Amino acid sequence: MFGATASSRREGEEYKLPKTSSMVIILTANMLLQVSFFIIVSSSNEYAKHLGGDSTFSGIVIGIPTVFSGLALIPMMKFDQGHYKLPLHVSCGASIVGHVLYASAYKADFLHLILIGRIVSGLAFSMWMYCKRYCSDGRLVGIRQRTTLAGWLVLGQGIGMSAGPFFGGLLTKIGFADAFFNGYTSPGWIMAAVWVVFWICVYTWFEDVSEIPDIIVADVIVLAKKGDSVESPPPGSPEPRPTMTLAQWGVVVCMCWFAMTCFFILGAWESNIPVFGASGKPLHFSPFGAGNFIALGGITTFPFLIVNLLLARRLQDRYILLAGSALGLTGLVIFVSLLASNRVNYGSMFVCWWLIALGFNLASTVTVSLLSKQLPQAWNGRTSLAIQYSNYTGRVSGAIWGGSGLTVGMLNYTGLEIAITGVGAVLFTVLWRNLKTKTG
């Protein structure tokens, strides 16, 4: 009887979820941060050129927030005390100020103000790490719900990747008669207003972790058989430090590499599409057209990302990683062959972008959840930080690489992406058995 009760309790712990209102706030914050990051992608190249910059500067503007987000994470973690309210409030405030500064650059005719605005926004993007940590926090989320919640984060990522460029491109249709609210500045003003409303929602509905329990050294319940004696550690003795095997370190390196790879390639393509498309051959994209192209690729992946949410309960993380990286690599190989044969057109490039957007979004689903299932809860903060720094590395270097695609040559641009994905393929092939985890 006691064994059955303990088993039921254990099963309940594996499937637990946080309060719905708080969970929705976290998922919405993740989505709004994605929209904030991508809404300038469609028009940043033209905005930078209007103020005297170039395409490489535009790539820096897109990618620079992640550098400062990474710098902000360490001091933020020092003061958060394992909670989530402080990062949420910092994220809301920095988002508002950053968008206002970005929008003010047109009236001020000051190129570097758009860079300063994005740097301030970078402080807000530190919340991405907390979104990942929240969805893999053993105090809140059971082990069989973590990949599913990570899938919701990726769905929000897809919404931001689609809605951001689409609305950013659409808003360029406003024109430029008004120096205050026009095609370049309107994304900043609108997103600042959205963040004000969201900040009110955070104050009203978000409930933080009520208390921080003692660090759980391992997610294991030891059930003593009837008649067995259970030895307790001496009072006041320190808890044993969790240690990692060589294989576990390999899994961490593998997940960090894929976290970097996914965001490097996605960021490079989102930065490169407006530049390559506007180069005159063969696409002739306007900022509106580039935004629509990026958004269409993201929107058409939604049904498959939703299917992934359902399948996450039945598939191991390593199979999702394999499927996603294979789809993304297929898109890259097709694109490099199109470039080599000079047969790039709207349809063929869209197929490549769709495969890349779907594949690497899928692959990014499992990087945090897989580690949280294999390593003790005590390591969750560290692994979330490692994955987030890998994401940041990919985002900033990918955005700059994409903006420089025409300069380095499109074959070289795509070839590097294939090589990076190939290194990841070698890693998970070698570590395949070690990547096995529980489903869900």
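Parameters at a glance
Residues numbered from 1 in each chain as written. Predicted model: local features only at pLDDT ≥ 70, side-chain atom pairs only at ≥ 80, totals over all residues. Heavy atoms only, no water. Helix = DSSP H or I, 4+ residues; strand = E, 2+ residues; numbered from the N terminus. Buried < 20%, exposed > 50% of the residue type's maximum accessible area, 1.4 Å probe, protein only. Contact = heavy atoms within 4.5 Å. Areas by Shrake-Rupley, 256 points an atom, 1.4 Å probe, with all protein chains shown as cover. Expected span 1.5 Å × (residues − 1). Axes fitted to C-alpha atoms, helices over the stretch in contact; angles between N-to-C directions. Parallel < 35°, antiparallel > 145°, perpendicular 65-115°, else oblique. Left-handed = near helix turned anticlockwise from the far one by under 90°. Nonpolar A, V, L, I, M, F, W, Y, C, P; charged D, E, K, R; others polar. Salt bridge = Lys/Arg side-chain N within 4 Å of Asp/Glu carboxyl O.

Novice: Just checking my understanding: could you explain the overall build of the protein chain for this structure?
Specialist: The secondary structure content of the protein chain amounts to 18 helices and zero strands. Going through the 440 residues of the protein chain one by one, you find that 55% of them count as buried. Partitioning the contacts of the protein chain with sequence separation of at least 6, the portion at a separation of at least 24 is 85%. Accessible surface computed for the protein chain: about 18500 Å², of which carbon and sulfur atoms make up 67%.

Novice: I would appreciate a short explanation of helix H5 (residues 85-108) in the present structure.
Specialist: In an α-helix there are 3.6 residues to a turn, and that puts residues three or four apart on one side. With 24 residues, H5 should cover 34 Å at 1.5 Å per step; its first-to-last C-alpha distance of 34 Å lies within 8% of that length. Note on H5: the residue one or two positions beyond its end, Asp109, has a positive phi of about 50 degrees.

Novice: Teacher, can you tell me more about the packing of helix H10 (residues 246-277) against helix H15 (residues 366-374) here?
Specialist: In a pair of packed helices, the angle between the axes and the distance between the axes together describe the arrangement. Close contact between H10 and H15 brings their axes to 9 Å; oriented N to C, the two are set at 165 degrees. On the basis of their axis angle, the class for H10 and H15 is roughly antiparallel. Crossing hand, H10 versus H15: left-handed. Residues Gln248, Val251, Val252, Met255, Phe258 and Ala259 of H10 touch H15, and the partners they reach there are Val366, Thr367, Leu370, Leu371 and Gln374. In terms of residue class, the contact of H10 with H15 is built from eight nonpolar, three polar and no charged.

Novice: Is there a simple way to think about the pattern of salt bridges in this case?
Specialist: Working definition: two side chains of opposite charge can pair if their charged atoms are close together. For the structure on display, the rule yields four salt bridges. Asp80 serves as the salt-bridge partner of Arg133, at 3.7 Å between the closest nitrogen and oxygen. Pair noted here: Arg133 is in helix H7 (residues 127-135) and Asp80 is in helix H4 (residues 55-80), with a separation of 53 residues, a long-range link. On the accessibility criterion, Arg133 (7% relative accessible area) is buried.

Novice: Is there a simple way to think about the environment of Val61 in this case?
Specialist: Inspection of the secondary structure puts Val61 in helix H4. Owing to a relative accessible area of 0%, Val61 belongs among the buried residues under this scheme. The residues contacting Val61, other than those within four sequence positions of it, are Ile40, Tyr102, Ile114, Leu115 and Arg118.

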